[in-house]
Amino acid sequence: MEKIADVLAQRYATEPIRNIWSATGRIILEREFWIAVMRAQRDLGLDIPAEAIEAYERVKNDVNLDSINARERVTRHDVKARIEEFCALAGYEHIHKGMTSRDLTESVEQLQVFRSLEYIRLKTVAAIKRLAERAAETRDVAMTSRTHNVAAQLTTFGKRFAMFGEDMLVALRELDALIANYPARGVKGAVGTQLDLLTLFDHDVEKVMAFDSRVRAHLGIPHAFNATGQVYPRSLDFATISTLVHIGSGASSFAKTLRLMAGHELASEGFLPGQVGSSAMPHKMNSRSCERLNGLHVILKGYLAMAADLAGDQWNEGDVSCSVVRRVALPDSFFAIDALLETFLVILNQMEINVPVIEREKNYYLPFLLTTTIMMEAVKRGVGRETAHEVIKEHAVATARDIRQGKISRNDLFDRLAADGRLRLAREDFDAIAKVAAAETGTAGLQVDNFVTSAKELLAKFPAAADIRPGAIL
């Protein structure tokens, strides 16, 4: 029977994340965990021969998925099948003493999550670094901003980069906090009381605590749950995927905005030699990577909804109704965020900014973009703020309608306002306002500078992020 691939893993995710979550990689992590458990138990006095541990060590990389699957079809229990396989390879039966299945599976899953979080942190830093570089390049490229997707005031292209980059900075701080405070379940036994471990260690509580501490040291996870049941609280999975959604939000907003800009030909995600935009329309240069990025964010939010259903739904010390959900949601969430960031880095590297089109649009809308400046100048001359607002609105709406209906070919808002004495502004006043304000983008430049500084500080903290380069994406 043909095997059906995990589309997220095979088509979109990159090798580092795939390696963490691969079936073979997971089994090796489990075997290394069992070996760490045996070493700790032997050091604390249990009768486990050194040669047995060495035997397990020798065969830990001998993974035969077909053999394990065949055993599971008989046992109907995935962990029991993997115990039998490992013991058969080593020729001993010393693993899994005092443990329940969740001691193994949750510890290894948490290790996979923790390592994935650390990698995603580096990739996020790399994305912020590239955003900052593009922001610096376009710091002073004045353009038409939009609210409600309608022309509003002047901003800069660099400010737009910084705006979405700052969203990612906030998300990164959330990710940092999650990694710093992430708690491991440890080895707690069938219902969380460590009863079987106490029996193994002749009810020596200090040895049980020391054992649990050594096992967690193997995982390298900084904190631990103390009173968990058979399962750790699924609210932790919700917090994890929620953070991944937050990480992707700034990039997703940027991608959606770039799609809108592409529709006005202000910018594009780039178009490579040989690329085809449409099988029907040869001229099309669609924002397909941005669309993919937005779709991956939707997938992430779908997994967040799944994790939300598990949070706060624990029966007593635990059950397995969450198992099928987590088998899908945890790895695929990391495949999705990894693919999202990979796509984002490609977009940032390849995107094109069409400055002449940006300038043409800015000049077209300029009288509208300066209405708030005109209003403030009128207020300075003693006109009531609401009166000025109403006068400007009256003429601006009329001008816009005349342009849209083809009654005029030039934006003559300044002429109309100058002819209205209620604003107390002469025609030359409008020319002076336009001359100064045409390049006036408020504190946009300063905001870009602050973002670039924050990105540089971040890179100094995580220098390995500088080595992350996106590959070719389909």
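Our subject is the structure that appears above.
Everything in this summary refers to the structure shown in the same document. (Residues numbered from 1 in each chain as written. Predicted model: local features only at pLDDT ≥ 70, side-chain atom pairs only at ≥ 80, totals over all residues. Heavy atoms only, no water.)

1. Overview of the overall build of the chain
Item 1. A count of helical and extended segments in the chain gives 19 helices and 6 strands.
Item 2. Its C-alpha atoms give the chain a radius of gyration of 30 Å, more than 25% over the compact-globule value 23 Å for 474 residues.
Item 3. Referenced to the eigenvectors of the C-alpha coordinate spread, the extents of the chain come out at roughly 100 × 50 × 40 Å.
Item 4. Across the 474 residues in the chain, those meeting the buried criterion constitute 50%.
Item 5. Considering only residue pairs separated by 6 or more positions, the chain has 80% of its internal contacts joining residues 24 or more positions apart.
Item 6. Accessible area for the chain stands at about 22700 Å²; split by element, carbon and sulfur atoms hold 52% of it. (Helix = DSSP H or I, 4+ residues; strand = E, 2+ residues; numbered from the N terminus. Rg over C-alpha atoms; globule rule 2.2 N^0.38 Å. Buried < 20%, exposed > 50% of the residue type's maximum accessible area, 1.4 Å probe, protein only. Contact = heavy atoms within 4.5 Å. Areas by Shrake-Rupley, 256 points an atom, 1.4 Å probe, with all protein chains shown as cover.)

2. With respect to the packing of aromatic side chains
Item 1. Within this structure, the stated rule accounts for 12 aromatic pairs.
Item 2. A ring pair is formed by Trp 21 and Phe 334, whose centres lie 5.9 Å apart and whose planes are at 20°; its orientation type is stacked. With Trp 21 in helix H2 (residues 15-21) and Phe 334 in helix H13 (residues 323-350), the pair connects residues that are 313 residues apart, well separated along the chain.
Item 3. Overall, the relative accessible area of 1% leaves Phe 334 in the buried class.
Item 4. Among the aromatic residues, those joined into a cluster by ring pairs are Phe 157, Phe 161, Phe 164, Phe 254 and Phe 344.
Item 5. Directly above the ring of Tyr 232 sits Arg 234, whose terminal nitrogen or CZ lies 4.8 Å from the centroid. (Phe/Tyr/Trp six-rings, centres within 6.5 Å; stacked < 30°, edge-to-face > 60°. Lys NZ or Arg CZ within 6 Å of the ring centre and 35° of its normal.)

3. Considering unusual backbone geometry
Item 1. Of note in this structure, Asp 202 is not a glycine but carries a positive phi near 55°.
Item 2. Along the chain, Asp 202 turns up in the loop between helix H9 (195-200) and helix H10 (205-219).
Item 3. The phi dihedral of Arg 424 falls on the positive side, at around 60°, and the residue is not glycine.
Item 4. Examined against the element boundaries, Arg 424 turns out to sit in the loop between helix H17 (413-418) and helix H18 (427-437).

4. Remarks on the side chain of Thr 257
Item 1. Relative to the elements of secondary structure, Thr 257 occurs in helix H11 (residues 235-263).
Item 2. Leaving out residues up to four positions away in the same chain, Thr 257 has contacts with Arg 160 and Phe 164.

5. Quick look at helix H4 (residues 50-59)
Item 1. For H4, the full list of buried residues reads Ala 52, Ile 53, Ala 55, Tyr 56 and Val 59. Looking straight down H4, one finds its buried side chains confined to an arc of 155°; they lie on one side.
Item 2. Buried residues along H4 sit against helix H3 (23-43) and helix H6 (78-90). (Arc of directions from axis to C-beta.)

6. Points about the pattern of salt bridges
Item 1. Applying the stated criterion across every chain yields a total of 41 salt bridges.
Item 2. For the salt bridge of Lys 80 with Glu 84, the shortest nitrogen-to-oxygen distance reads 2.9 Å. With Lys 80 and Glu 84 both in helix H6 and 4 residues apart, this pair spans about one turn of that helix.
Item 3. Judged by relative accessible area, which is 28%, Glu 84 ranks as partly exposed. (Salt bridge = Lys/Arg side-chain N within 4 Å of Asp/Glu carboxyl O.)

7. Here we look at the environment of Lys 207
Item 1. Following the sequence through the fold, Lys 207 ends up in helix H10.
Item 2. For Lys 207, a relative accessible area of 33% puts it in the partly exposed group.
Item 3. In sequence terms Lys 207 and Ala 40 are 167 residues apart; their C-alpha atoms lie 9.9 Å from each other.
Item 4. With residues up to four places along the chain from it excluded, the contact list for Lys 207 reads Leu 44 and Phe 201.
Item 5. In terms of polar contacts, Lys 207 uses its side chain to reach the backbone carbonyl oxygen of Leu 44, at 3.1 Å. (Polar contact = N/O pair within 3.5 Å; in protein donor to acceptor, adjacent residues only side chain to side chain.)

8. As for the pairing of strand S2 (residues 150-156)
Item 1. Bridge analysis of strand S1 (residues 142-147) against S2 gives 5 bridges, and the strand direction is antiparallel. Directly across from Thr 147, in S2, lies its bridge partner Val 150.
Item 2. Hairpin connection of S1 to S2: 2 residues between the antiparallel strands, including His 148 at a positive phi of 60°. (Pairing = 2+ DSSP bridges.)

9. Observations regarding the packing of H11 against H13
Item 1. Look at H11 against H13: their axes get within 10 Å of each other, and the N-to-C directions meet at 30°. For the element pair H11 / H13, the angle class is roughly parallel. Seen along the crossing, H11 lies across H13 with a hand that is left-handed. Contact with H11, carried on its side by Asp 237, Thr 240, Ile 241, Leu 244, Ile 247, Gly 248, Ala 251, Phe 254 and Leu 258, involves Arg 326, Ala 329, Leu 330, Ser 333, Phe 334, Ile 337, Leu 340, Leu 341, Phe 344, Ile 347 and Leu 348 of H13 and no other residues of that element. (Axes fitted to C-alpha atoms, helices over the stretch in contact; angles between N-to-C directions. Parallel < 35°, antiparallel > 145°, perpendicular 65-115°, else oblique. Left-handed = near helix turned anticlockwise from the far one by under 90°.)

10. Considerations on helix H5 (residues 65-75)
Two residues of an α-helix separated by three or four positions point the same way, owing to the 3.6 residues in each turn.
Item 1. One side-chain oxygen at the N-terminal end of H5 lies 3.1 Å from the backbone nitrogen of Asp 66; it belongs to Asn 64.
Item 2. Within two residues after H5, Arg 76 carries a phi angle of roughly 55°, on the positive side.

11. Description of the environment of Val 191
Item 1. Relative to the assigned elements, Val 191 resides in the loop between strand S3 (183-184) and H9.
Item 2. Residue class for Val 191 comes out partly exposed when judged on its relative accessible area of 43%.
Item 3. Along the backbone, Val 191 and Met 261 are 70 residues apart, and their C-alpha atoms lie at a distance of 56 Å.
Item 4. When residues no more than four places from it in sequence are discounted, the contact partners of Val 191 are Thr 228, Gly 229, Gln 230 and Glu 317.

12. Regarding the side chain of Thr 14
Item 1. Mapped onto the elements, Thr 14 comes out in the loop between helix H1 (7-12) and H2.
Item 2. Classification of Thr 14 by relative accessible area gives buried; the value is 13%.
Item 3. Non-local contacts of Thr 14, meaning those with residues more than four positions away in its chain, are made with Tyr 119, Lys 123, Asp 338 and Glu 342.

13. Observations regarding the environment of Lys 256
Item 1. The residue Lys 256 is located in helix H11 in this model.
Item 2. A relative accessible area of 48% means that Lys 256 is categorised as partly exposed.
Item 3. Lys 256 sits 31 residues away from Ser 287 along the chain, and the two C-alpha atoms are 9.4 Å apart.

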